[in-house]
Amino acid sequence: MFYAMNRFRIAIGQEEAFEAIWKGRDSSLAEMPGFLSFHLLRGESVPEEGYTLFVSNSTWKDKDAFSAWTKSENFRAAHKNAGDNRSMYLGPPKFEGFSVVEGA
């Protein structure tokens, strides 16, 4: 399995708007071969730095399935408006990818 995660630092006060974007997006992840699940996670707020942490977490059969998603037309369509709400982000998202350590 492969876990693809993006960390977002969202300006305090913009959390509900950020969540609404994700809830209202036209996602075609379920159509992609190897896709297993998706969750949007909300973390703690960090008032002294002015943000609330969010993580998008998708689970895939393997890294190849995830890579195919990132090169697909579905991926381009899902991210076409990603820059429209830059004011709510404190910097770009940070991608992290993880493979399962078998037998651990």
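Residues numbered from 1 in each chain as written. Predicted model: local features only at pLDDT ≥ 70, side-chain atom pairs only at ≥ 80, totals over all residues. Heavy atoms only, no water.

You'll find the protein entered in an unreviewed UniProt entry as Heme-degrading monooxygenase HmoA, with Ensifer adhaerens given as the organism.

Turning next to the side chain of glutamate 19. You can see glutamate 19 is positioned in helix H1 (residues 15-24). Those residues in contact with glutamate 19 that sit more than four places away from it in its chain are Arg42 and Phe54. (Helix = DSSP H or I, 4+ residues; strand = E, 2+ residues; numbered from the N terminus. Contact = heavy atoms within 4.5 Å.)

Residues of helix H2 (residues 63-70) that are buried: Ala65, Phe66 and Trp69. Down the axis of H2, the buried set is contained in an arc of 100 degrees. They therefore lie on one face. For H2, the side-chain oxygen to backbone nitrogen distance between the N-cap and aspartate 64 is 3.3 Å, and the N-cap itself is aspartate 62. (Buried < 20%, exposed > 50% of the residue type's maximum accessible area, 1.4 Å probe, protein only. Arc of directions from axis to C-beta. Polar contact = N/O pair within 3.5 Å; in protein donor to acceptor, adjacent residues only side chain to side chain.)

All right, on to the environment of isoleucine 10 then. You can see isoleucine 10 is positioned in strand S1 (residues 2-11). In this structure isoleucine 10 comes out as buried when scored by relative accessible area, which is 0%. For isoleucine 10 and methionine 88, which are 78 residues apart along the polypeptide, the C-alpha to C-alpha distance reads 5.6 Å. Excluding anything up to four places from it in sequence, isoleucine 10 contacts Glu15, Phe18, Gly50, Tyr51, Thr52, Phe54, Met88 and Tyr89.

So, on to a nonpolar patch on the surface. Taken together, Met1, Leu36 and Val100 make up a surface patch of nonpolar side chains, about 250 Å² in accessible area. For methionine 1, a relative accessible area of 44% puts it in the partly exposed group. (Patch = residues over 30% accessible without salt bridge, like charges linked within 9 Å, V, L, I, M, F, W, Y side chains within 5 Å. Areas by Shrake-Rupley, 256 points an atom, 1.4 Å probe, with all protein chains shown as cover. Salt bridge = Lys/Arg side-chain N within 4 Å of Asp/Glu carboxyl O.)

Counting 9 residues, the largest nonpolar core consists of Phe2, Ala4, Leu29, Met32, Phe35, Trp60, Ala65, Phe66 and Trp69. If you list the elements that add at least two residues to this core, you get S1 and H2. The leading source of residues in this core is H2, at 3 residues. With sequence-adjacent residues up to four places away left out, methionine 32 is seen in contact with Trp60, Ala68, Trp69, Ser72 and Asn74. Core analysis: the second largest hydrophobic core is formed by 7 residues, Ile10, Phe18, Trp22 and Met88 among them. (Core = buried A, V, L, I, M, F, W, Y, C linked by side-chain atoms within 4.5 Å.)

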